[in-house]
Amino acid sequence: MPRVLKAVFFLVFLLSASGCNLSLLELPFSFPGAPTSPVAPSNPTATPYPRTKVTFQVTLPAPLPPGEMLLLSLQDEVTHPALSISNYPMQAIGAQTYQATLPLTDGSLIAYRYLRGSGAQVFPELNAENAVVQARRLYVSGEMLVKDMVAAWPDVPFQGATGMVQGELRDAQTQQPLADILVSVAGYQVLSDALGRFFLPHVPVGTHNLLLTSLDGVYPPFQQGAVVQQGMVTPVEVSLSRRPLVTVTFVVSVPANTQAGAPLRIAGNLLPFGNLFAEGQGGERLRADRMPQMRPLPDGRYALAIQLPAGAYLQYKYTLGDGFWNAEQDPNQSQFLVRERFIPAEGGTFEDQVLSWQKGNAGPILFEVTVPPNTPLEDTVYIQFNAAGWSEPLPMWRLNERRWIYRLYGPLHLVRQFHYRYCRNAQCGIADEATNAAAGHLATVSLAPQDLQDTVQRWRWLSDLQSTVVAREVQPHGANFMAGVEFQPQIDPSWLSYTTLALRNLQAIQANWVIYTPGWEADASQPFLYYRPGRTPLNAEMIALVRQAQAAGLQAAIFPVPRLDRFQRDYWAAVPRTPEWWQAWFESYRRFALHYAEVAQQSAADALILGGEWTAPAISNGVLPDGSPSGAPANADDLWRLLLRDVRARYSGRLLWAMPASPALMSPAFLDQVDGIYLLVSIPLSEEEAPSKETLSQAAERWMVESLTPFQQQVGKPLILALAYPSVRGAARACLGESGRCLPWEAFNPPQLHPAFPTDLSLQADIYEAFLNALNSRAWISGLVSRGYYPPALLQDPSASIHGKPTSDLLWYWFPRLRR
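Since the structure is predicted, the reported quantities are computational estimates derived from the model, not experimental observations.

**A few points about the sheet that holds strand β37 (residues 563–564)**
Adjacent strands of a sheet form backbone hydrogen bonds with each other and so pair up, either parallel or antiparallel.
Phase 1 of the analysis: The 3 strands lie next to each other as β35-β34-β37, forming an open sheet whose pairing is mixed. Because the sheet does not close on itself, it has two edges, and the strands there are β35 (529–530) and β37.
Phase 2 of the analysis: Relative to β37, strand β34 (residues 521–522) is paired through 2 bridges, and the arrangement is parallel. From the neighbouring strand, Glu-521 faces β37, where its bridge partner is Arg-563.

Here is the structure:
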């Protein structure tokens, strides 16, 4: 029997990154550990399921240094994949080959990865792109041998050969493409797109375990070996049969000391139970506000009826917080409690009992907070805990308009002290209390129950702001005028809980369009875009967002924008831009664009917007952000024309092309393929820090006369002006300097701060008013959109968002009058 190390070795990296003290979190820790049985899900009320032997065999890129050991690390995703893991030392069977055999639940799905080290010095494995492997995934199907290879370590970069794995997934019955299937291979995780396709360009040569899993369990897992050869494509074509949905009712009894009126949720390993399959704050993969909430019964129990796929493997626990904080405990078990079930073919009722919310002798802590009178009534106050880095925020429980409470039961037996802070709408680190937000308050655990009473004197970026709109005559531009608001680039999945609130705010300012900005990820200097879980709304979520906006009386557009790990200028400066690179870039953007064309078609979106700042260097004679030639292919315009034709074949709605405005606007040759131009306006209007309204109006008028009018006459297409100006002093320059370079407007989006640039809300409103005055007499301008809107919370911050700022009042006046 292998030794199990019930310790959190990767926690060393988590703590060093956050600057926190290890002594605050007292997890069971031993190295190398005592012989014991592997940890199985602790299920106090159900009969354990059969277990089977699984042998893990892994090949390393180099021999281990003397004194180090290799660890197989099984992750508990429901509790916390960084704070609840089981590490098993592996035995050497060769110079670079190691092995361990574990008994695991037959039919289960597990997440794991490999670590190496000694003492507190532990390294996580890296993939072939030298990025940390968050998780490998395995479907346990009888006695099996799993062969893996570690591509790299932090101190041993990848140096091998790679090939490509690409595939197409379909529903076995309908033959329709399967979107949002999680593809796991060689330490990579990507999703199948709206066409059922996936692409992994850098998989090490060799044989790998490839697993396809449905995030919600609706399709059964599919697992097979994938042989990858150097420079070759390994094709994967799979059809999956949909599982039938059955009604499952969870009924649970809770301890007598459960806080009255507290919402009880179920945390689990499937998407409907809060699992985003990607690491959030503190390394957690579950979010409390994405978990289903149970309803109280007259007899004191709680119940939840939910449709689940028959045969799906479910790990779950009951919680008053998330999977780690305030989750149920088994006082008789040393490990965290996680229940497991296979959903019966006929459905049924699961009757459970929460034995305790606590473990050990620590008394619960009641947090009571009084918030300022100007706290928006629609806001939810959250509390965030920091024992080993700030974790995902938890919604508090409202007592009245200004008072909120949260009772914390556990796992207080693991901590002596911890920090906490309050924030609005889960936006901790952004919409915090104004004082001491970074460090938070200190709580010390004691044997006696505690009642900690706090008062938030004021919220960060929220004040009692009064603004005045000067009335003037507005020339009607027609009912089809686009009076819109564009969400901040790369809409985050964590915002989805607040979309209803955001749409209500757009209705209040008389907007008639909302522009969503989902996006795939681009890494470093790679030309590839990756559709990854937890980084952008899923296919089904995007469809729901569009339909939600339309149900609210708004028209909805999708404007896909890649998520970069750096600013545009730095990305383009770093990439090689060789002919081979450009070919891969266009192929990747093509997959990206066709995915969102299909999403737009499925959702009946009112418009699809392609292009943008990121694509500007990729047109013929394109230039980089610094003005130098981009070296785009000579036939770039032909490539764009072909792509837009393919998009047209898939999407039947309105197609717009987004392009940056400039003093000298140039018309790409392929614009005949689109229905209109979405002009991204961040042009300089004045070199003064605080120019007058007259100066701004004259500059906007001059740009429209000298640049915009000739451009419109040249293209003969409807023009929509999309404005992006931060709320900072000097924003009219459109070049806010840092180290001799201009910062893009996105640099001021939350949570980024630049203290050198004071917030100036009035200047943003003056800039908007200058453009509104200039377009007032030009009926051929078909719309005005405000870019950079921050949906989750009203913030009077330096960003380009108008949410809660004087500019929103200005648009409230202009929008309905322009739309007449």
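**Some details on the pattern of salt bridges**
Phase 1 of the analysis: Considering all chains together, one arrives at 33 salt bridges under this definition.
Phase 2 of the analysis: Salt-bridge contacts for Arg-532 lead to Glu-521; the nearest nitrogen and oxygen are separated by 2.9 Å. Placement of the pair is Arg-532 in the loop between β35 and α3 (539–551) and Glu-521 in strand β34, with a sequence separation of 11 residues.

**Some details on the environment of Trp-513**
Phase 1 of the analysis: Position of Trp-513 relative to the elements: it lies in strand β33 (residues 513–516).
Phase 2 of the analysis: In this structure, the C-alpha to C-alpha distance between Trp-513 and Gln-91, residues 422 residues apart in sequence, is 60 Å.
Phase 3 of the analysis: When neighbours within four sequence positions are excluded, Trp-513 is seen to be in contact with Met-482, Ala-483, Gly-484, Val-485, Leu-506, Leu-554, Gln-555, Ala-556, Ala-557, Asp-606, Ala-607 and Arg-654.

**Here we look at the sheet that holds strand β21 (residues 313–319)**
Phase 1 of the analysis: Taken in spatial order, the 3 strands line up as β18-β21-β22 in an open sheet, and their pairing is antiparallel. Across the chains shown, the open sheet's two edge strands, defined by having one partner strand only, are β18 (265–268) and β22 (339–342). Adjacent strand axes in the sheet meet at a mean angle of 40° when their direction is disregarded.

**Observations regarding the environment of Ala-724**
Phase 1 of the analysis: Within the secondary structure layout, Ala-724 lies in the loop between β41 (719–723) and β42 (736–738).
Phase 2 of the analysis: A relative accessible area of 2% means that Ala-724 is categorised as buried.
Phase 3 of the analysis: C-alpha of Ala-724 to C-alpha of His-202: the two residues are 522 residues apart in sequence and 36 Å apart in space.
Phase 4 of the analysis: Sequence-distant contacts of Ala-724, that is, excluding residues within four places in its chain, are made with Val-681, Ser-682, Trp-745 and Arg-787.

**What to know about the nonpolar core**
What tends to happen in soluble globular proteins is that the nonpolar side chains get buried as a cluster.
Phase 1 of the analysis: By size, the foremost hydrophobic cluster in this structure holds 118 residues, and its most contacted members are Tyr-516, Trp-585, Leu-608, Leu-679, Val-681, Trp-703 and Phe-771.
Phase 2 of the analysis: In terms of residues, this core owes the most to one element, helix α5 (residues 579–603), which gives 12 residues.
Phase 3 of the analysis: For Leu-608, the residues in contact, after removing those within four places along its chain, are Ile-558, Pro-560, Tyr-596, Ala-597, Ala-600, Val-647, Tyr-651, Arg-654, Leu-655 and Leu-656.
Phase 4 of the analysis: Counting 60 residues, the second largest nonpolar core, distinct from the first, contains Val-252, Val-415, Leu-452 and Val-456.

So, how was this worked out
- Residues numbered from 1 in each chain as written.
- Predicted model: local features only at pLDDT ≥ 70, side-chain atom pairs only at ≥ 80, totals over all residues.
- Heavy atoms only, no water.
- Pairing = 2+ DSSP bridges.
- Helix = DSSP H or I, 4+ residues; strand = E, 2+ residues; numbered from the N terminus.
- Salt bridge = Lys/Arg side-chain N within 4 Å of Asp/Glu carboxyl O.
- Contact = heavy atoms within 4.5 Å.
- Axes fitted to C-alpha atoms, helices over the stretch in contact; angles between N-to-C directions.
- Buried < 20%, exposed > 50% of the residue type's maximum accessible area, 1.4 Å probe, protein only.
- Core = buried A, V, L, I, M, F, W, Y, C linked by side-chain atoms within 4.5 Å.

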